[in-house]
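# Tertiary structure, described
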Amino acid sequence: MSEQTTATSLADLKTLVAGTPAAAEPAPKREPKRDALGRAYATGRRKESVARVWVKPGKGQITINDKPAAKYFARPVLRMLITQPFLVADRYQQFDVVCTVTGGGLSGQAGAVRHGISRALVNYDPELRAILKKAGFLTRDPRAVERKKYGKPKARRSFQFSKR
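Residues numbered from 1 in each chain as written. Predicted model: local features only at pLDDT ≥ 70, side-chain atom pairs only at ≥ 80, totals over all residues. Heavy atoms only, no water.

## A look at the pairing of strand β2 (residues 49–57)
The condition is simple: Pairing between strands is defined by DSSP: at least two bridges between the two strands are required. Each helix is a run of H or I in the DSSP string that is no shorter than four residues. Each strand is a run of E no shorter than two, and both are numbered from the N terminus.
Here 7 bridges tie strand β1 (residues 40–46) to β2, and the two strands are oriented antiparallel to one another. Counted as the bridge partner of Ala42 is Val53 from β2. Pairing geometry for β2 and strand β5 (residues 95–102), over 8 bridges, is antiparallel. Each residue of the ladder has a partner; that of Pro57, found in β5, is Phe95.

Here it is as C-alpha cells:
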C-alpha cells in the first residue's frame, strides 16, 4: 500500500508536486530595445487616437506631427500630460521625442502620446518599468465613447417627454 502524505502549507504542496524543494528563480533581466540610431519605439493609444513615438537621448525637444509640442498642444494641461512620464522617471529634459499621432481629439491624442512615451521609455531603459507602472502610465485606458442606441438621440439620452 502507498503511504499518504498531508500538506499543511503551500510550500509543502509545492514539494509534493515537484518532488524537490522549489528553488526561487530570478525574473529574467529585460534587455533595452533600441534601433540602429539609438532610438526606442512604442505605440500609445487612448480613445480613438494612436500615437507612434520615438525616444532618443537629447535636450528635451518634443515634436508632434512635425510641430513643436507647445504649438500642437496649445493648452498647458495637455503639455503637462505629455511630460508626466519624464517627471515621474526623473528624466526631464534628457530625451528628444518625435511623434506622429492620428485620430480622435486633442485630449485623446495627448493621452496616446503619454502612453507611447511611457512605453518607449521602458523600451529604452527597462529599469523604469516599475516606476511608470506604479504611476499607471503603462496601462492603456480602456474607456471609449458608448455607441448610439436606436430609438434614442444619443447613447442614453431620451426624447423629451410630454404628457399632452
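We are not done yet, so read on.
## Points about the packing of aromatic side chains
For clarity, the threshold we go by: Note on ring pairs: Phe, Tyr and Trp rings are taken, using the six-membered ring of Trp, and paired if centres are within 6.5 Å. Classes follow the plane angle, with under 30 degrees stacked, over 60 edge-to-face and the rest tilted. Accessible area is worked out with a 1.4 Å probe on protein chains only. A residue is then buried under 20% of its type maximum, exposed over 50%, and partly exposed in between. For a lysine, the NZ atom is tested; for an arginine, the CZ atom; a charge sits over a ring if that atom is within 6 Å of the ring centre and within 35 degrees of the ring normal.
Taken as a whole, this structure holds 4 aromatic pairs when the rule is applied. Geometrically, the ring pair formed by Phe95 and Tyr124 is edge-to-face, given 5.1 Å between the ring centres and 80 degrees between the ring planes. Here the residue Phe95 occupies a position in strand β5, and Tyr124 occupies one in helix α4 (residues 106–124), the gap between them amounting to 29 residues. For Tyr124, a relative accessible area of 14% gives the class buried. Among the aromatic residues, ring-to-ring pairing joins Phe86, Phe95 and Tyr124 into one connected group. Between Arg34 and the ring centre of Tyr124, over which it is positioned, the NZ or CZ distance is 3.9 Å.

## Some words on the sheet that holds β2
Here is the rule we go by: We call two residues contacting when some pair of their heavy atoms lies within 4.5 Å. Orientation is described by lines fitted to C-alpha atoms, with helices fitted over the stretch in contact, and by angles between N-to-C directions that extend from 0 to 180 degrees.
Strands sit in the order β1-β2-β5-β3-β4 across an open sheet of 5 strands; the sheet is mixed. Each end of this open sheet is capped by a strand with a single partner; those strands are β1 and β4 (67–68). The sheet contacts of α4 involve β1, β2 and β5, and relative to β1 the element is tilted by about 150 degrees.

## Remarks on the pattern of salt bridges
Put simply, the test is: Salt bridges are defined by distance alone: a side-chain nitrogen of Lys or Arg within 4 Å of a carboxyl oxygen of Asp or Glu.
Taken as a whole and judged by the stated rule, the model has 7 salt bridges. Salt-bridge contacts for Lys29 lead to Glu127; the nearest nitrogen and oxygen are separated by 3.0 Å. Taken together, the residues span a long stretch of sequence, with Lys29 in the loop between α1 (10–18) and β1 and Glu127 in the loop between α4 and α5 (129–135) at a distance of 98 residues. Residues Lys29 and Glu127 agree in their burial class; the two are exposed. The residue Glu146 makes a salt bridge to Lys149 at a minimum N-O spacing of 2.7 Å. Taken together, the shared-partner salt bridges in this structure form one network comprising Arg46, Asp141 and Arg143.

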